[in-house]
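Survey of secondary and tertiary structure
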Amino acid sequence: MGIYLDNAATSFPKPKAVAQVMFDFMTENGCTSGRGAYEKAIEADKFVYQTRKAIAGLFHFNNPKKVIFTSNITESLNLAIQGILKEGDHVIVSSLEHNGVWRCIKTLERDKGITLSKIPCSKDGYTKVDDLKNLIRKNTALVVMTHASNVLGTIQPIAGVGRICRKNNIPFLVDAAQTAGVLNIDIINNNIDLLAFTGHKSLLGPMGTGGLVLNWDGEIHPLKSGGTGGDSAYEYQPDYYPNRLETGTLNVPGIIGLHEAIKFIQQEGLDNIHKKETELIDYALNRLNEVDNITIYGPQDSSKIIGVIPFNLRNKSCEKVAYELDQNFGIMIRSGLHCAPSAHQLIGTEKTGTCRIGIGYFNKKNDIDHLVEALKTVSSNKNNQ
Ligand SMILES: Cc1ncc(COP(=O)(O)O)c(C=O)c1O
C-alpha cells in the first residue's frame with residue numbers, strides 16, 4: 001500500500017475491528033435507530049446511545065444526550081456557528097482557522113451583517129490568551145478556536161481562552177479536528193461550551209462521522225429540519241436533545257465503527273498514543289534536518305505540536321515534491337494550503353503552500369527513514385521547478 005503520511009487529512013489504517021463491527025452491523029442488524037419499536041431497531045438504538053456515552057466519557061462530559069451526531073466536523077462547526085450567530089453579532093476567531101470555520105464565518109459576514117475579529121498570532125503559530133481580552137465587545141456572541149493548527153500543528157491555549165470566555169459569559173467553540181484522540185480534552189475543566197469533533201482523523205473512526213458536544217444551555221438554531229422518529233405531528237423540530245439538532249436517518253454503521261475506534265483508543269491509552277506520536281515527531285524533526293534545501297516551518301518542538309510537520313524544499317514546488325514522493329517512492333503526503341490559508345499567511349507560504357506530513361498512531365520510525373531518504377533524492381534531482 002506504500003507509506004501513508006497524511007493522517008492529518010484522515011487516519012489510515014484504522015484498527016481492524018472498526019471495519020469488522022460495521023460489517024457485522026450491516027449484515028446482521030442493518031436497522032435504523034430512533035424509529036422502530038422492534039427488537040433489532042432497539043438494539044440499533046442501544047448501539048448509538050453507547051457511542052454517545054463513549055464520546056461523552058472521552059471528553060470528561062456527563063450528558064450523552066447532548067452529544068449530537070453529524071457527518072463530519074465541518075457540519076458540526078456550521079451547526080454551532082450558524083445556529084448561534086444572529087444579525088449584528090460579533091465573533092472572535094483565531095488566526096489559524098480551517099475553512100470549516102473561516103468560510104462559514106466569512107459567509108455570515110457577507111450575508112448577515114456579522115462582524116468578526118481575528119486574534120493575532122505569533123509567526124510560529126501561537127495565540128496569546130491576553131490578546132483575546134482586547135477584542136471582546138458588548139455584542140461578542142461567540143469565540144471560535146482550533147485546538148491545534150492543521151498547518152503548523154501548534155497546540156492552542158484553550159484552557160486560558162475558556163477561562164476568559166466563561167468570565168465574560170461568551171460561548172466558546174473548540175475545533176478539535178486535529179486533537180480528539182491524541183490529546184486529553186476535558187470539556188468541563190477547560191470551560192468549553194461547544195466541542196466539535198470529526199470521527200475519521202485521530203479518533204480512528206470511519207469517514208462520515210463527527211459531532212458536537214453541547215456544554216451550553218443557550219439557543220442553537222437547527223441547521224436542518226426534518227424527521228427525528230418521534231413527535232411526528234409536531235410541525236417543528238422538537239425542543240429536546242439530541243433530536244432538536246439531529247434530523248434524518250443517522251449513519252448507524254459509521255457511529256458503531258466510531259465507538260469501536262474509541263474503545264481501541266481507550267485500550268491503548270490516550271497518554272500512550274500521545275507519547276508514541278511525540279516520539280515520532282521528535283524523530284522526524286531530527287531526521288528531516290538532514291535533507292538539503294529543506295525549510296521546516298513552525299516551532300520544531302514536539303511538546304508544542306501534534307503530528308503535523310510543514311516543510312518546503314527551496315528548489316522545488318510543494319506539489320512537485322509530493323508528486324515525486326508518490327510516483328517514485330510510494331510515499332503519500334499532502335501539498336498546498338490544506339484548507340487553511342490564514343495559517344499560511346503567518347509563515348509567508350500563502351502563495352506557494354507547503355508540503356505537510358501528518359504522523360499517525362500506526363506510523364513507524366521506518367516510515368520516516370524512507371521519507372527522509374526519498375526527500376534527499378527528490379532534493380538533489382535536477383528536474384527542478
Ligand atoms: C482543524 C480542522 N478543522 C476542520 C477540518 C474539517 O474536517 P472534516 O473534513 O472532517 O469536516 C479539518 C480537516 O482537515 C481540520 O484539520
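Because the structure is a prediction, the values reported are computed rather than measured.

**Describing the site of the ligand**
Neighbouring residues of the ligand: Asn72, Ile73, Thr74, His98, Thr146, Asn150, Asp175, Ala177, Gln178, Thr198, His200 and Lys201. Take His200: an N or O atom from its side chain is 2.7 Å from an oxygen atom of the ligand. Contact with the protein chains hides 87% of the accessible area of the ligand, taken as 400 Å² for the molecule alone. Its residues assigned to classes, the shell around the ligand shows two nonpolar, eight polar and two charged.

**Thoughts on the pairing of strand S10 (residues 308-313)**
Of all the six residues making up S10, six are buried; the element is thus mostly covered by neighbouring parts of the structure. Judged by which residues are buried, S10 turns out to be covered on both faces: Val308, Pro310 and Asn312 on one side and Ile309, Phe311 and Leu313 on the other are all buried.

**Some points on the sheet that holds S10**
Strand order in the open sheet formed by four strands is S9-S10-S13-S12, with antiparallel pairing between adjacent strands. Each end of this open sheet is capped by a strand with a single partner; those strands are strand S9 (294-296) and strand S12 (334-336). Looking at each pair of strands side by side, their axes are set apart by 30° on average, direction ignored. As paired strands, S12 and strand S13 (residues 354-358) are joined by three bridges and run antiparallel to one another. Looking across to S13, one finds that Arg334 is bridged to Arg356. Relative to S10, helix H8 (residues 270-288) is tilted by about 10°, and along the sheet it contacts S9, S10 and S13.

**Topic: the sheet that holds strand S2 (residues 67-70)**
Through backbone hydrogen bonds, the strands of a sheet pair up, either in parallel or in antiparallel fashion. The strand order across the open sheet built from seven strands is S2-S8-S7-S6-S5-S3-S4, with neighbouring strands paired in mixed fashion. Of all the strands in the sheet, just S2 and strand S4 (115-118) have a single pairing partner and so form its edges. Neighbouring strand axes in the sheet, compared pairwise and without regard to direction, differ in orientation by 20° on average. Across four bridges, strand S3 (residues 90-93) lies against strand S5 (residues 140-146) in parallel orientation. When the bridges of S5 are listed, Val91 appears paired with Leu142. Sheet strands in contact with helix H3 (residues 73-84) are S2, S5, strand S6 (172-175), strand S7 (194-198) and strand S8 (210-214), and its direction is about 155° off that of S7.

**Some thoughts on the side chain of Asp6**
Looking at where Asp6 falls in the secondary structure, it is placed in the loop between strand S1 (3-4) and helix H1 (16-28). With residues up to four places along the chain from it excluded, the contact list for Asp6 reads Met332, Arg334, Arg356 and Gly358.

**Things to note about the environment of Leu288**
One can find Leu288 in helix H8. Exposure remark for Leu288: the relative accessible area of 0% places this residue in the buried category. Taking the C-alpha atoms as reference, Leu288 lies 5.9 Å from Val372; in sequence the two are 84 residues apart.

**Some thoughts on the packing of aromatic side chains**
Applying the stated rule across the entire model yields seven aromatic pairs. Ring centres of Phe25 and Phe47 lie 6.2 Å apart, and the angle between their planes is 80°; on these two criteria the pair is classed as edge-to-face. Taken together, the positions of Phe25 in helix H1 and Phe47 in helix H2 (residues 39-58) put the pair 22 residues apart, joining distant regions of the chain. Over the ring of Trp102 we find Lys118, and its NZ or CZ is 4.8 Å from the ring centre. In this structure, Lys276 is placed above the aromatic ring of Tyr361, and the distance from its NZ or CZ to the ring centre is 4.8 Å.

**Things to note about the environment of Ile273**
Take Ile273: it is sitting in helix H8. Residue classification places Ile273 among the buried positions, given a relative accessible area of 2%. For the pair Ile273 and Ile68, spaced 205 residues apart in the sequence, the C-alpha separation amounts to 26 Å. When neighbours within four sequence positions are excluded, Ile273 is seen to be in contact with Gly181, Ile265, Glu268 and Tyr361.

Calculation rules
Counting from 1, residues in each chain are numbered in the order their sequence is written. A pLDDT threshold of at least 70 governs which residues receive local features in this predicted model, and a stricter bar of 80 or more applies before side-chain atom pairs are shown or counted, although totals over entire chains, interfaces and linings include all residues. Each side-chain value is worked out from all heavy atoms of the structure, with water and hydrogens disregarded. Note on definitions. A residue lies near a molecule or strand when any single heavy atom of the residue is within 4 Å of it. Whenever a nitrogen or oxygen atom comes within 3.5 Å of another N or O atom, the pair is scored as a polar contact, on the condition that within protein one atom can donate a hydrogen and the other can accept it, and that pairs from neighbouring residues in sequence are kept only if both atoms are in side chains. Exposure was quantified through the Shrake-Rupley algorithm and a 1.4 Å probe, taking into account, for residues, occlusion by the shown protein chains and nothing else. Residues are grouped as follows: Ala, Val, Leu, Ile, Met, Phe, Trp, Tyr, Cys and Pro are nonpolar; Asp, Glu, Lys and Arg are charged; every other residue, Gly included, is polar. Buried means the residue's accessible area, taken with a 1.4 Å probe over protein chains only, is under 20% of the maximum for its type, while exposed means over 50%, and partly exposed covers the values in between. The secondary structure listing takes helices from DSSP runs of H or I that are at least 4 residues long and strands from runs of E that are at least 2 residues long, numbered from the N terminus. Pairs of strands are assigned from DSSP output, requiring at least two bridges between the strands. All axes are obtained by fitting lines to C-alpha atoms, using only the stretch in contact for helices, and the reported angles, taken between N-to-C directions, cover 0 to 180 degrees. Contacts were defined at the residue level, with two residues in contact if any of their heavy atoms lie within 4.5 Å. In this analysis, rings of Phe, Tyr and Trp, with Trp reduced to its six-membered ring, are considered paired at centre separations within 6.5 Å, and the interplanar angle assigns stacked below 30 degrees, edge-to-face beyond 60, and tilted for intermediate values. Only when the NZ of Lys or the CZ of Arg is both within 6 Å of the ring centre and within 35 degrees of the ring normal is a charge said to sit over the ring.

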